[in-house]
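One letter stands for each residue in the lines below.
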Number of protein chains: 2
Amino acid sequence: MRFDTAFREELARLIGWRRDVRRFRTKAIPESEVQNLLRLAQLAPSVGNAQPWRFVRVRSPALRTALADHVDAEISRAGEAIAPDRRDAYAALKLHGLREAPEIVAVFCDEETVAGGGLGAATMPETRAYSVVLAIHTVWLAARAAGIALGWVSIVDPAHVARLLDVPAGWRLVALLCLGWPEDESEMPELERLGWQDRLDWRANVSSR
Amino acid sequence: MRFDTAFREELARLIGWRRDVRRFRTKAIPESEVQNLLRLAQLAPSVGNAQPWRFVRVRSPALRTALADHVDAEISRAGEAIAPDRRDAYAALKLHGLREAPEIVAVFCDEETVAGGGLGAATMPETRAYSVVLAIHTVWLAARAAGIALGWVSIVDPAHVARLLDVPAGWRLVALLCLGWPEDESEMPELERLGWQDRLDWRANVSSR
């Protein structure tokens, strides 16, 4: 199994172009594309091969509105933890596309799955949720390669979302995702473009022992 | 920014071929490749664009041995939590390549970073560690595209590794990684090949509301 230089360059370009998107067009994603993304997610790495990701597609308009209202309220509340001199900038950010994006997917970790036989999760039980993150990133990159943007909404109360969506007791929310066609494209993260947070030099995050 | 069908097919092949590898050749990875992977990691998504990943390259032979000894001890201890009828299978698994892999990287989350201004991390502080997982997956895919295999070691005591590597107090271990040239290649996860855990049907992990 070999990958050529052209593919590696394209992959680097995809990694650089990925983006977290909050501005979507409402046009639907073809069902075959959505299924293709969820099928690829199943190939993500997972601790003990436990595959603990659980994707819940939100198709009820009432549930979508309840989620968007909840996130708006949490965004207001979380604003109290933002430094006072940054609150105006915070209030101006658009932080989710839950009302517009054609596909809303809540992603849970099944903390009680028997798959994997507990391998690797005894010392670091958080690796189960980490596995779910790996599946989400798989969807993210495959979606972007298909021109479909993804936005990860994390300003939520995970327990509230679990109750709203009536999932089994052992499922813990990892992410609420918006998927759809982006309104516009940019190589620069929106938070960087708006002056919220610049890219750091990668060398500053690497050290040796 | 468009990606063609050929690229998308190659990306799907990469996702399917990625593997978690524990059997490495000792031959070194060129330094430029290692740096290229860490540079790409910096382009991963992160909550509030906080970029909280901290990569620590373990180059001291004494620290490498101390890590390998620690993981061996934790693997024995974690065996007690494995179902009795699976303990022989567990004992037969090779779970890390810490003694052979040419590059060992411990990846931490800086829980006290001021980058990102706390955006998105007030309601779900675990999204900081999730961001680190996204950076690791970025390295994983880019490495595999270059023929370099990665193994994620999670049977460790995170606090012990942090002490061994003498990292700042606010850093939490997310993963201990082995990187190197794989001894052999397989499309099937080692845990599946050895009968530990099969792939599940992706449809079983998807539902709608």
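Small disclaimer: the values here were computed from a predicted structure and weren't measured.

Participant: With reference to specific residues and values, describe unusual backbone geometry.
Facilitator: What is expected of a backbone is that most residues other than glycine have negative phi and most peptide bonds are trans. At A:Asp166, a position not held by glycine, the phi torsion is positive, near 55 degrees. Of note, A:Asp166 is situated in the loop between helix H6 (158-164) and strand S4 (171-180). With a phi angle near 45 degrees, B:Gln51 is a residue other than glycine that sits in the positive phi range. In this structure, B:Gln51 sits in the loop between helix H2 (31-41) and strand S1 (53-58). Given 28 C-beta atoms within 10 Å, B:Gln51 falls into the buried group.

Participant: Requested: an account of the sheet that holds strand S3 (residues 149-153) of chain A, with residues and values cited.
Facilitator: Taking strand neighbours across the sheet as the criterion, the 5 strands line up as S3(A)-S4(A)-S2(A)-S1(A)-S5(B) in an open arrangement whose pairing is mixed. Two strands lie at the open edges of the sheet, namely S3 of chain A together with strand S5 (206-208) of chain B, each paired on one side alone. Direction aside, the axes of adjacent strands within the sheet are offset by 30 degrees on average. Here S3(A) runs beside S4(A); their pairing, made up of 5 bridges, is antiparallel. Within the sheet, the bridge partner assigned to A:Ala149 lies in S4(A) and is A:Gly180. The strands that helix H3 (residues 61-78) of chain A touches are strand S1 (53-58), strand S2 (103-110), S3 and S4 of chain A; relative to S1(A), the one it contacts most, it runs at about 105 degrees.

Participant: Residue-level account of the relation of the copies chain B and chain A, with values.
Facilitator: Take chain B, turn it by 180 degrees, move it 0.0 Å along the axis, and it overlays chain A with an RMSD of 0.0 Å. In short, the pair behaves as if placed about a two-fold rotation axis. The fraction of interface residues of chain B whose copies in chain A are also interface residues reaches 100%, indicating that both copies meet through the same surface.

Reading guide: rules and limits
- Residues numbered from 1 in each chain as written.
- Chains lettered and ligands numbered in written order.
- Predicted model: local features only at pLDDT ≥ 70, side-chain atom pairs only at ≥ 80, totals over all residues.
- Helix = DSSP H or I, 4+ residues; strand = E, 2+ residues; numbered from the N terminus.
- Buried ≥ 20, exposed ≤ 12 C-beta atoms within 10 Å, placed from the backbone.
- Pairing = 2+ DSSP bridges.
- Axes fitted to C-alpha atoms, helices over the stretch in contact; angles between N-to-C directions.
- Contact = placed C-beta atoms within 7 Å.
- Least-squares fit on C-alpha atoms with pLDDT ≥ 70 in both.

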